[in-house]
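A look at the structure
For reference, the chains in residue letters:
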Amino acid sequence: MTTTTQPPLFRPAALPDPGVAAVPFGRLLRVELRKLVDTRAGFWLLTAIGLITVAVVVVFLFVADADQLTYLNFVGATATPQSILLPVLGILAVTAEWSQRTGLVTFTLEPSRLRVAVAKLAAVVLVGLLAVLVALGVAALGNLAGSLLMDGDGSWAFEVANVRDFFVLQLLGVVQGFAFGMLLMSSAAAIVLYYVVPIAWTALFSMVGALADAAPWLDLNTAIAPAFDQQTFQGDDWAHIAVTATIWVVVPFVLGLVRLLRREVKSG
Amino acid sequence: MITVEELTKRYGAHTSVDRVSFQAQPGSVTGFLGPNGAGKSTTMRMMTGLTPPSAGRSTILGVPYARLPNPGRHVGVLLDASAQHNGRTGREVLRLGATVMGLPRRRVDDMLETVGLSGSEGDRRVGNYSLGMRQRLGIAHALLGDPPVLILDEPANGLDPAGIHWMRGLLRGFADRGGTVLLSSHLLHEIEVIADHLVVIGRGVIVADASKADLLAAAGTVVRALDPVALARCLDAAGYSYDALPGDAFVVDATAEQIAGAAAVRGVIVTELRSADGAGLEDLFLQLTADDSREKVSA
């Protein structure tokens, strides 16, 4: 091996600079949060979640009977659109690294893919929590408007359990989207399968009578339905959620994480 | 300093990188040369921890890539200039990198300035960039953490002649300050001007690994005479092996001095005598990387 005869101007670094520390988790989290909003897709998704939340509250204000205009019902109205859109946030947070090929940069700046995955999960969960807080706030404004303008019931009655289950419901969706994103690593495939598979599955259980009893144990939509019907989970509901979430969230999450940790990051 | 030892990547029965070993030294530019599909990018992905190797290992500054703390501060990597989110601006791409590496915001502006993407160009979305602008952005990203090592895969792709000239100057300066540069290309003339050392890969196997000066010497000397037959006799008599080139010239496996001496003995008038350099290296490159050439050529 030949060495150059040209004398270097400074002693070349033979070892990594000991003054440089590992990337702290906080910086990874900041970057992943920023990546959720600094693209058009991310920005409009979050904007859409906010606007649709406001829109359903306004619509509910006008279409619901006066005695239905309670805080709990306003909160319930926001649950459906948020539960549809928030998982997309979880999906895109992972799949963009592959479909936009930014993983080449992300995983060279932080070679620990586990740390990147944890930072991404923390980022989408934080944004999910924020979206739910916004929904609770918008619902409060709706209830206020309902009692002032529409002569609504205006009841503020709600229990801690209602709010807790509202968070559980939405975070379950975000994490499930995240898991599907890791597992499929393609925005289109993950979004399509995320919506189509559960619908087909639910249809199967509702058409085949013999399966009806098993539905709450195997179908996530059936298991979480009480959150929409009763605004809370009770007794058996938790067992149903534990089992169905294992099938639809935990298993895809574990398989997806294994795939994320092992897959070759390529450019094309 | 980059060290690659016996790196191997197998996909099923196909071995796309086969026991590749080489070093890139500080203070020099190492050209990683080979035709498309020879295994350059796969080797570089294994060096940067993106592709798990089937066998072998590699280190940067003596440490495996995955164990470098805050790798962006130690090695600047550009593997594919097009692998950026089209919806982000150039400035935003660098800002994300600067945040991970823990660099001040000012560094982003400085780097945009350095690569000629200052002002409004930095605020355009990458989706609207030409390939040349993406390469400049990728080089800015690689330089962001002020690393002592650079790994660049086909960085000249899409750059215009002025851009290539600019990049050469930039990398030359970087190496002259003691930095280690590894850059790949499938075009010999693109890197023969800048590289001090050449590693040539063909079909996943290293076929040449030598300083450019040695490879040029190995390429031989071109000689032309008024009487080619007489010249050929001189070369035969001196025992130098040679090949005929078009136009009654020969490429000879000897130095210019040796050939001049041999010609002078018999009074043969030589009209051209020069190192085969460019053209010879091109032939060598084609020959080394030809489909049927798998043996290692000692240069």
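Rules of the game
Numbering of residues starts from 1 in each chain and follows the order in which that chain's sequence is written. Following the order in which they are written, the chains are lettered starting with A and the ligands numbered starting with 1. Reporting in this predicted model follows two pLDDT cut-offs: at least 70 for local features of residues, and 80 or more for side-chain atom pairs to be given and counted; totals over whole chains, interfaces and linings ignore these cut-offs and use all residues. What counts as a contact here is a pair of residues whose C-beta atoms, placed from the backbone, lie within 7 Å. Secondary structure elements follow DSSP: runs of H or I of four or more residues count as helices, runs of E of two or more count as strands, with numbering from the N terminus. Each residue gets one of three labels, nonpolar for Ala, Val, Leu, Ile, Met, Phe, Trp, Tyr, Cys and Pro, charged for Asp, Glu, Lys and Arg, and polar for the others, Gly among them. Between N-to-C directions, angles span 0 to 180 degrees; the directions come from axes that are lines fitted to C-alpha atoms, helices contributing only their stretch in contact. Put simply, angles under 35 degrees are roughly parallel, angles over 145 are roughly antiparallel, angles from 65 to 115 are roughly perpendicular, and the rest are oblique. When the near helix sits turned anticlockwise from the far one by under a right angle, the crossing is termed left-handed; a clockwise turn instead gives a right-handed crossing. With C-beta atoms placed from the backbone, a residue counts as buried when 20 or more other C-beta atoms lie within 10 Å of its own, as exposed when 12 or fewer do, and as partly exposed for counts between those limits. Directions pointing from the helix axis toward each C-beta atom define the arc. As used throughout, domain bounds are those supplied by an automatic or database domain assignment. Core membership is restricted to buried Ala, Val, Leu, Ile, Met, Phe, Trp, Tyr and Cys residues, and these are joined into a nonpolar core through C-beta atoms within 7 Å. In this description, strands pair whenever DSSP reports at least two bridges between them. One fewer than the residue count of a helix, multiplied by 1.5 Å, yields its expected span. The quantity called bend is, for any residue, the angle between two axes fitted respectively to the seven residues ending at it and the seven beginning at it.

1. Some words on the interface of chain B and chain A
Counting residues at the interface gives 46 residues for chain B, matched by 44 residues for chain A. The dominant element in the side of chain B that touches chain A, judged by the number of residues it contributes, is helix 2 (residues 90–101) of chain B, at 6 residues. For the side of chain B that touches chain A, the per-class residue count stands at 17 nonpolar, 21 polar and 8 charged.

2. Quick look at the packing of helix 3 (residues 71–99) of chain A against helix 7 (residues 187–207) of chain A
Residue and element names in this part refer to chain A. At a minimum axis distance of 8 Å, the contact between helix 3 and helix 7 shows a crossing angle of 155°. Judged on the interaxial angle alone, helix 7 and helix 3 are roughly antiparallel. The interaxial crossing formed by helix 3 with helix 7 has right-handed handedness. Contacts between helix 3 and helix 7 involve Pro87, Val88, Ile91, Leu92, Thr95, Ala96 and Ser99 on the former and, on the latter, Ser187, Ala190, Ile191 and Tyr194.

3. So, helix 8 (residues 228–238) of chain B
Residues and elements named next belong to chain B. Those residues of helix 8 that fall on the buried side of the exposure criterion are Leu231, Cys234 and Leu235. Axial view of helix 8: buried residues confined to an arc of 95°, hence all on one face. In helix 8, those exposed residues whose orientation departs by more than 90 degrees from the buried face are Val229, Asp236 and Ala237. Looking at the packing, one finds that the buried side of helix 8 touches strand 10 (221–225), strand 11 (242–245), strand 12 (249–252) and helix 9 (256–265). Gly239 sits one or two positions beyond helix 8 and adopts a positive phi of about 80°.

4. Points about the domain arrangement of chain B
Each domain of chain B was delimited in the assignment, giving domain 1 (2–211) and domain 2 (221–275). With centres defined by C-alpha atoms, the gap from domain 1 of chain B to domain 2 of chain B works out at 42 Å.

5. Looking at the nonpolar core
With 150 residues, the main nonpolar core has Leu89 and Phe178 of chain A together with Ala140, Ile151 and Ile201 of chain B as its most contacted residues. Looking at which element gives the most residues to this core, the answer is helix 3 of chain A, with 15 residues. Both domains that furnish three or more residues to this core are identified here as domain 1 (2–211) and domain 2 (221–275) of chain B. In contact with Ile201 of chain B, other than residues within four places in its own chain, are Val20, Phe32, Gly34, Ala38, Gly39, Lys40, Ile206 and Val207 of chain B.

6. As for the sheet that holds strand 3 (residues 28–33) of chain B
All names here are of chain B. Within the open sheet, the 6 strands sit side by side as 5-6-7-3-8-9. Their pairing is mixed. Bordering the open sheet on either side are strand 5 (75–78) and strand 9 (205–211), each of which pairs with just one other strand. This sheet shows a mean twist of 10° between the axes of neighbouring strands, independent of strand direction. Judged from the 6 bridges that link them, strand 8 (residues 197–202) and strand 9 form a sheet pairing that is antiparallel. Residue pairing for strand 9: His197 is matched across the bridge by Ser211. Set on the sheet, helix 5 (residues 161–176) makes contact with strand 3, strand 6 (149–153) and strand 7 (180–185); between it and strand 7 the angle comes to about 145°. The strands touched by helix 7 (residues 212–219) are strand 8 and strand 9; relative to strand 9, the strand with the most contacts, the crossing angle is about 100°.

7. Things to note about the environment of Arg168 of chain B
Residue and element names in this part refer to chain B. Mapping Arg168 onto the fold places it in helix 5. When the C-alpha positions of Arg168 and Ala225 are compared, they lie 37 Å apart, and in sequence the two are 57 residues distant. Excluding residues within four positions of it along the chain, Arg168 makes contact with Val193 and Ile194.

8. Some words on helix 7 of chain A
With 21 residues, helix 7 of chain A extends 30 Å between its outermost C-alpha atoms, agreeing within 8% with the 30 Å of an ideal straight helix rising 1.5 Å per residue. The largest bend in helix 7 of chain A comes to about 25°, at Leu193 of chain A.

9. Overview of the sheet that holds strand 2 (residues 14–24) of chain B
Residue and element names in this part refer to chain B. Overall, antiparallel pairing links the 3 strands, which are arranged 2-1-4 in an open sheet. Lying at the two open borders of the sheet, with one neighbouring strand each, are strand 2 and strand 4 (55–60). The sheet shows a mean angle of 20° between the axes of neighbouring strands, taken without regard to direction. Note: strand 1 (residues 2–11) against strand 2, 7 bridges, orientation antiparallel. Paired with Arg10 across the strands is Thr15, a residue of strand 2.

10. Overview of the pairing of strand 8 of chain B
A regular strand carries its side chains on alternate faces of the sheet. Residue and element names in this part refer to chain B. Counted residue by residue, strand 8 has 6 buried out of 6 residues, so it is predominantly covered. By the alternation rule, side chains of strand 8 split into His197, Val199 and Ile201 and Leu198, Val200 and Gly202, which are all buried. In terms of strand pairing, strand 3 meets strand 8 through 4 bridges, oriented parallel. Counterpart to Phe32 in the pairing with strand 8 is Val199. Linking two consecutive strands that pair antiparallel, namely strand 8 and strand 9, is a turn of 2 residues; a positive phi of about 50° is found at Arg203 within it.

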